[in-house]
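Residue-level structural notes
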Amino acid sequence: MRGGTLYQRKAAAARVRHRAPQPATYSRETIFARWGYACCYCDARAEHLDHVVPISKGGADAEHNLVPSCAACNLDKGAQLLADWAPIRPPSL
Ligand SMILES: [Zn+2]
């Protein structure tokens, strides 16, 4: 939007920020099928979809941020970033 008073422009920006969440546009079945219904973390049978970057940390509720996971991995990871939950360690010798 161009023009308008500063108040009008701020009000328009606020409407964008506070817009209601959009309905999911991804298919759970498509994501599960892509990964062979296996948990991407431990290979057990996947029952949940995990947000790789948690929504609470700014992740999107979108297909590119979702992977199938088993209940145990999803509940254990919770709202942690992958790097915090499963830090990469050098292999032990
Ligand atoms: Zn798992």
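The paragraphs below set out a description of the structure included in this document. Remember, it's a predicted structure, so these values are computed and weren't measured experimentally.

1. Here we look at the overall build of the protein
Scanning the protein for helices and strands turns up 4 helices and 2 strands. By residue count, 12% of the 93 residues in the protein fall in the buried class. A fraction of 49% describes how many contacts in the protein between residues 6 or more apart in sequence connect residues 24 or more apart.

2. A few points about unusual backbone geometry
Trans peptide bonds make up most of the peptide bonds, and negative phi angles are found at most residues other than glycine. The backbone phi angle of Tyr37 is positive, close to 60 degrees, even though this residue is not glycine. In this structure, Asp43 takes a positive phi of about 75 degrees despite not being glycine. Here Asp43 is to be found in the loop between α2 (28-34) and β1 (48-51). Looking at Asp43, the number of C-beta atoms within 10 Å reads 11, which means it is exposed.

3. Section: the pairing of strand β2 (residues 66-69)
Burial along β2 is two-sided: the residues Leu66 and Pro68 and Val67 and Ser69 are all buried. Pairing between β1 and β2: 4 bridges, direction antiparallel. Looking at the pairing, Leu49 lines up with Pro68 of β2.

4. A closer look at the nonpolar core
Core analysis: the biggest nonpolar cluster contains 5 residues, these being Cys39, Tyr41, Ala46, Cys70 and Cys73. With residues near it in sequence (within four places) discarded, Tyr41 still touches Ser69 and Cys73.

The rules behind the values
- Residues numbered from 1 in each chain as written.
- Predicted model: local features only at pLDDT ≥ 70, side-chain atom pairs only at ≥ 80, totals over all residues.
- Helix = DSSP H or I, 4+ residues; strand = E, 2+ residues; numbered from the N terminus.
- Buried ≥ 20, exposed ≤ 12 C-beta atoms within 10 Å, placed from the backbone.
- Contact = placed C-beta atoms within 7 Å.
- Pairing = 2+ DSSP bridges.
- Core = buried A, V, L, I, M, F, W, Y, C linked by C-beta atoms within 7 Å.

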